[in-house]
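This is what each chain is made of:
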Amino acid sequence: MQPSDPNDGAARADVARLLAACYYEPGPEFAEERVFEALRDAAAGIDPELAASAGRLGAAFAAERPEDLLVDYARLFLGPVDTRAKPYGSVWLDDDGPLMGDSTMAVLQHYEEGGFEVDEGFHDLPDHVAVELEYLYVLLFREAEALARDDPATLRGASKLRTRFLAEHLGAWIAPFSAAVREGAGCAFYRELADLTERFVTMESARGLP
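Residues numbered from 1 in each chain as written. Predicted model: local features only at pLDDT ≥ 70, side-chain atom pairs only at ≥ 80, totals over all residues. Heavy atoms only, no water.

Trainee: Explain the overall build of the protein chain to me, please; I cannot follow it from the model alone.
Mentor: Looking only at helices and strands, one finds 11 helices and 0 strands in the protein chain. Tracing the protein chain from N to C terminus, the helices and strands come up as α-α-α-α-α-α-α-α-α-α-α. In terms of overall size, the protein chain behaves like a compact globule, its C-alpha atoms giving a radius of gyration of 16 Å where 210 residues would be expected to give roughly 17 Å. Here the C-alpha coordinates of the protein chain stretch approximately 50 × 35 × 30 Å along the principal axes. (Helix = DSSP H or I, 4+ residues; strand = E, 2+ residues; numbered from the N terminus. Rg over C-alpha atoms; globule rule 2.2 N^0.38 Å.)

Dropping the structure here:
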């Protein structure tokens, strides 16, 4: 599947950005800022099955008690004991699963090459799933803007970064991470989030260069 117009690229960028938001601590702002409606609308511009998955995610969030979501979030991603699905690429990519391992250093090089800086207010590791999704958003947004401006050099550069990043990092570990989330989640919301994230990243990984 190739990006045929800027709207397609913008929708893909929005899905990446909104999925990243879902990996932060859950709170009422998710509903107040209409995260799930925006996610469903963006996904509808890409693929109907992706949109249906986004719809299920929003319904699952609405059906859960806030305290249950917080407990599940902590149990899945924070620990400190028996963390069910550690959200760091190095855990899944490096042989002995250390934090801040070789793959973390490599993803930092990707960020530097792409002109991406982790937000100063983010106090977690740079290969956290939310950060890698935000970097994917930046690359997809850059592609969409370049396509709208008819700027083939920028489009080609961003597309090459995206395909290499997905092959070497996010696309390489999203499947085992998502499986761990599905297995460890007590709430349907996080199972749906794992399904949607894996579906989207897999679709992006299958895209070639424009």
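Let's pick the thread back up.
Trainee: In this structure, what is going on with a nonpolar patch on the surface? I would like to understand it.
Mentor: A surface patch of nonpolar side chains, amounting to about 330 Å² of accessible area, comprises Leu99, Met100, Met105 and Leu108. Mapped onto the elements, Leu99 comes out in the loop between α6 (89–93) and α7 (102–113). Take Leu99: its relative accessible area is 47%, and that puts it in the partly exposed class. (Patch = residues over 30% accessible without salt bridge, like charges linked within 9 Å, V, L, I, M, F, W, Y side chains within 5 Å. Areas by Shrake-Rupley, 256 points an atom, 1.4 Å probe, with all protein chains shown as cover. Salt bridge = Lys/Arg side-chain N within 4 Å of Asp/Glu carboxyl O. Buried < 20%, exposed > 50% of the residue type's maximum accessible area, 1.4 Å probe, protein only.)

Trainee: I would appreciate a short explanation of the packing of helix α8 (residues 129–149) against helix α9 (residues 152–168) in the present structure.
Mentor: A pair of packed helices is captured by two measures, namely the crossing angle of their axes and the spacing between those axes. Interaxial distance between α8 and α9 falls to 8 Å at its minimum, and their mutual angle equals 155°. Considering the angle they form, α8 stands roughly antiparallel to α9. Every pair of crossing elements has a handedness; the one defined by α8 and α9 is left-handed. Listed contacts from α9 to Glu132, Tyr135, Leu136, Leu139, Leu140, Arg142, Glu143, Ala146, Leu147 and Arg149 of α8 are Thr154, Leu155, Ala158, Ser159, Leu161, Arg162, Phe165 and Leu166. Here the contact of α8 with α9 is composed, by residue class, of 11 nonpolar, 2 polar and 5 charged. (Axes fitted to C-alpha atoms, helices over the stretch in contact; angles between N-to-C directions. Parallel < 35°, antiparallel > 145°, perpendicular 65-115°, else oblique. Left-handed = near helix turned anticlockwise from the far one by under 90°. Contact = heavy atoms within 4.5 Å. Nonpolar A, V, L, I, M, F, W, Y, C, P; charged D, E, K, R; others polar.)

Trainee: It is not clear to me how α7 should be interpreted in this structure. Could you clarify?
Mentor: Three or four residues apart is the spacing at which side chains of an α-helix point the same way, because the helix has 3.6 residues per turn. Over its 12 residues, α7 extends 17 Å from the first C-alpha to the last, a length consistent with the 16 Å expected when each residue adds 1.5 Å. Among the residues of α7, Ser103, Thr104, Val107, His110 and Tyr111 are the ones counted as buried. Around the axis of α7, the buried residues are gathered within 110° of arc, so they sit on the same side. Structural note: α7 exposes Asp102, Gln109, Glu112 and Glu113 on the side pointing more than 90 degrees away from its buried face. Where the residues of α7 are buried, they touch α6, α8 and α9. (Expected span 1.5 Å × (residues − 1). Arc of directions from axis to C-beta.)

Trainee: Help me understand the side chain of His110 in this model?
Mentor: Assignment of secondary structure puts His110 in helix α7. Leave out the neighbours within four places in its chain, and His110 touches Tyr135, Arg164, Phe165, Glu168 and His169.

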